[in-house]
Amino acid sequence: MPIPGIEQPELIAVSDTLRLRKYDGVFAFALDWYLDPGLVYLVDGVRQPYTMEKLQRMYTYLHQQGELYWIEVFSNDHWQPVGDVTFWQQDMPIVIGDPACRGKGIGRKVVAILIQRGRTLGYDKLYVDQIYHYNAASRKCFGSQGFVPYQETEKGTSYVLDLNP
């Protein structure tokens, strides 16, 4: 379910070769991403790979919180999902699931376009609920887009971006 009272776009173009596609309920292909204990550690703080049932619960929860999108890249004449992101004012969980696509600036570009979406929706601030202390890539990604720490959590830090500085 998208953000109440707001129509979620089917597609958000990030660049000619990068886009966000509205979640369509098909997610089995993403299990491979969440079988990686290293990725799961960055997401959940544990190294326990997901089951299909846990993956379904996660996507159901995220879809109920806000706008859930597949992050897709155009390669070999077709769009290929490489990660997921959920956008709502209180959080922006993002995962680049395809290891070959990590460290290439995709997350930074996705966060930048979602900041624009927040401005379009009239938000004055955007938040990231928690980034674990050891998740340097996420800290760097959100920091590069202007998010600043505002609260320490038990395992990490919460971040905020003031859209009206």
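Note that the coordinates shown come from a computational prediction; the quantities given were computed from them, not determined experimentally.

S.K.: Now, about unusual backbone geometry: what can you tell me, with residues and values included?
M.R.: Even without being a glycine, Asn-76 presents a positive backbone phi close to 55°. Of note, Asn-76 is situated in the loop between strand E3 (67-75) and strand E4 (78-87). Judged by its relative accessible area of 67%, Asn-76 is exposed. The phi dihedral of Asp-77 is positive, around 65°, even though this residue is not glycine. Along the polypeptide, Asp-77 turns up in the loop between E3 and E4.

S.K.: Any chance you could break down the packing of helix H4 (residues 106-120) against helix H5 (residues 136-144) for me, citing the residues and the numbers?
M.R.: Where H4 meets H5, the closest approach of the two axes is 9 Å, and the angle between their N-to-C directions is 40°. Put simply, H4 runs oblique to H5. As H4 packs across H5, the resulting crossing turns out to be right-handed. Every residue of H5 that contacts H4 at Gly-107, Arg-108 and Val-111 is listed here: Cys-141, Phe-142 and Ser-144. The class makeup of the residues in the contact of H4 with H5 is three nonpolar, two polar and one charged.

S.K.: So what about the packing of aromatic side chains? Which residues, and what values?
M.R.: Counted by the stated rule, this structure contains 15 aromatic pairs. Both rings, one in Tyr-59 and one in Trp-70, keep their centres 5.2 Å apart while their planes meet at 70°; by these two values the pair is edge-to-face. Note that Tyr-59 is positioned in helix H3 (residues 52-65) and Trp-70 in strand E3, a separation of 11 residues in sequence. Neither residue differs from the other here; Tyr-59 and Trp-70 are each classed as buried.

S.K.: How would you sum up the side chain of Ser-158? Please name residues and give values.
M.R.: In this fold, Ser-158 is placed in strand E8 (residues 156-162). Side-chain polar atoms of Ser-158 contact the backbone oxygen of Asp-129, separated by 2.4 Å. Residues within four places of Ser-158 in sequence aside, it is in contact with Val-128, Asp-129, Gln-130, Val-148, Pro-149, Tyr-150, Gln-151 and Thr-153.

Scoring rules and cut-offs
Residues numbered from 1 in each chain as written. Predicted model: local features only at pLDDT ≥ 70, side-chain atom pairs only at ≥ 80, totals over all residues. Heavy atoms only, no water. Helix = DSSP H or I, 4+ residues; strand = E, 2+ residues; numbered from the N terminus. Buried < 20%, exposed > 50% of the residue type's maximum accessible area, 1.4 Å probe, protein only. Axes fitted to C-alpha atoms, helices over the stretch in contact; angles between N-to-C directions. Parallel < 35°, antiparallel > 145°, perpendicular 65-115°, else oblique. Left-handed = near helix turned anticlockwise from the far one by under 90°. Contact = heavy atoms within 4.5 Å. Nonpolar A, V, L, I, M, F, W, Y, C, P; charged D, E, K, R; others polar. Phe/Tyr/Trp six-rings, centres within 6.5 Å; stacked < 30°, edge-to-face > 60°. Polar contact = N/O pair within 3.5 Å; in protein donor to acceptor, adjacent residues only side chain to side chain.

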